[in-house]
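Topology and contacts: notes
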Amino acid sequence: MTEQARIEELKTGNEAAFRNLVEEFQKRVYNTCVGLLQNTEDAEDVTQEVFVSVFQSIHGFKGESRLSTWIYRIAVTKSLEFTRAKNRKKRFAFVQSIFSGEGEIKTDTPHFYHPGVQLENKERAAVLFAAIDQLAENQKTAFILHKLEDLSYQEIAEVMNVTVSSVESLMFRAKQNLQKKLGDYYEKNEK
Amino acid sequence: MSTKETQITKTMQSLDGIRSLEVPAALTQSVMDRVSDMKMIVLRPQFTWAVAASLALLIGINSLTLLQYNRSSDNAKQARQAISAEYFSYTVPF
């Protein structure tokens with residue numbers, strides 16, 4: 001079946017076609033969300049949101065990009081929205097704790113141990129994930145899609161709706177920033 | 001290479017060979033359940049247009065009725081004024 005035929009079938013609301021789509025893409029969506037959110041429970045919730053959104057908006061999908069690109073785009077957008085909302089809540093709770101005088105709130109998030117990382121790299125990967133979490137959204141997205149999802153720069157460019165050279169520049173800056181952050185981290189921990 | 005640089009390089013390479021995670025078993029069913037619940041309330045574009053057209057028609061009919069009612073109430077008011085003018089026509093205005 002061609003992709004166009006598949007899209008047309010999805011547009012008719014065929015449940016079996018939609019189940020096939022979920023089964024085919026859920027692993028990629030879930031892993032992208034895990035990388036961006038650094039939390040498996042949140043990733044599960046956001047993955048559900050992604051497919052609900054796919055179902056709701058498939059009628060508006062014009063087929064200008066590949067289906068996989070479109071789904072990745074939704075996954076990235078939903079994950080970033082979720083992170084922003086979570087950060088807003090954290091900030092609000094922090095401000096509230098100051099005014100109510102309920103003592104200090106722990107703002108540091110614990111390290112994320114990705115279950116797919118090789119055992120000997122667990123600690124280092126956790127430090128790297130903490131540094132990734134501090135990157136700008138677009139650098140973080142490009143880095144995660146490349147490192148975790150193994151997407152090419154061309155594919156990342158399509159997902160992020162930017163040029164390939166922009167992705168190259170984002171990746172370069174992401175690596176540079178990560179090295180700087182890791183440098184600071186190890187300097188602080190050596191003392 | 002200094003210890004710090006070695007640490008950075010090793011950390012940067014720590015995601016090499018990362019394994020994709022398996023999706024939680026109940027995820028597909030949870031998505032399908034949510035979609036089935038939504039199916040009843042999701043409107044397709046052609047239905048959306050039909051609903052919009054019906055609403056426009058309803059508003060149009062209501063406006064016309066209101067206009068008609070205003071016109072007829074104006075006529076009734078004029079009739080009432082004519083009758084009262086006729087009835088009090090014998091009185092001398094101050």
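Our subject is the structure that appears above.
The structure contained in this document is the topic of the report that follows.

Conventions used here
- Residues numbered from 1 in each chain as written.
- Chains lettered and ligands numbered in written order.
- Predicted model: local features only at pLDDT ≥ 70, side-chain atom pairs only at ≥ 80, totals over all residues.
- Heavy atoms only, no water.
- Salt bridge = Lys/Arg side-chain N within 4 Å of Asp/Glu carboxyl O.
- Helix = DSSP H or I, 4+ residues; strand = E, 2+ residues; numbered from the N terminus.
- Buried < 20%, exposed > 50% of the residue type's maximum accessible area, 1.4 Å probe, protein only.
- Polar contact = N/O pair within 3.5 Å; in protein donor to acceptor, adjacent residues only side chain to side chain.
- Contact = heavy atoms within 4.5 Å.
- Core = buried A, V, L, I, M, F, W, Y, C linked by side-chain atoms within 4.5 Å.
- Patch = residues over 30% accessible without salt bridge, like charges linked within 9 Å, V, L, I, M, F, W, Y side chains within 5 Å.
- Areas by Shrake-Rupley, 256 points an atom, 1.4 Å probe, with all protein chains shown as cover.

1. What about the pattern of salt bridges?
Using the criterion set out here, one finds eleven salt bridges over all chains in the structure. Between Glu22(B) and Lys27(A) there is a salt bridge, and its shortest N-O distance comes to 2.9 Å. One end of the pair, Glu22(B), is in the loop between helix H1 (3-12) and helix H2 (27-39); the other, Lys27(A), is in helix H2 (residues 15-37), on a second chain. Exposure remark for Glu22(B): the relative accessible area of 59% places this residue in the exposed category. Between Lys180(A) and Asp184(A) there is a salt bridge whose closest N-O contact spans 3.5 Å. In this pair, Lys180(A) and Asp184(A) are both assigned in helix H8 (residues 164-190), four residues apart and thus about one turn of the helix distant. For Asp184(A), a relative accessible area of 40% gives the class partly exposed. It is possible to trace a salt-bridge network through shared partners that takes in Arg6(A), Glu24(A) and Arg28(A).

2. Topic: the side chain of Gln38(A)
Residues and elements named next belong to chain A. Within the secondary structure layout, Gln 38 lies in the loop between H2 and helix H3 (40-57). By relative accessible area, which is 13% here, Gln 38 ends up buried. Separated by 2.8 Å, the side chain of Gln 38 and the backbone oxygen of Phe 129 make a polar contact. Apart from residues lying up to four places away in sequence, Gln 38 is in contact with Cys 33, Phe 112, Phe 129, Ala 130, Ile 132 and Asp 133.

3. Describing the nonpolar core
Ranked by size, the top nonpolar core spans 67 residues in total, and within it Phe18(A), Leu67(A), Ile71(A) and Leu15(B) carry the most contacts. Here this core gets eleven residues from one element, more than from any other, and that element is H2(A). The contact partners of Leu15(B), leaving out residues within four places of it in the chain, are Val117(A), Ala125(A), Leu128(A), Phe129(A), Ile132(A), Phe143(A) and Leu148(A).

4. Considerations on a nonpolar patch on the surface
A cluster of nonpolar residues, Phe94(A), Val95(A), Ile98(A) and Phe99(A), forms a patch on the protein surface that exposes about 430 Å² of accessible area. Tracing the backbone through its elements, the reader meets Phe99(A) in helix H4 (residues 67-100).

Purely spatial values, then, with no claim about function.
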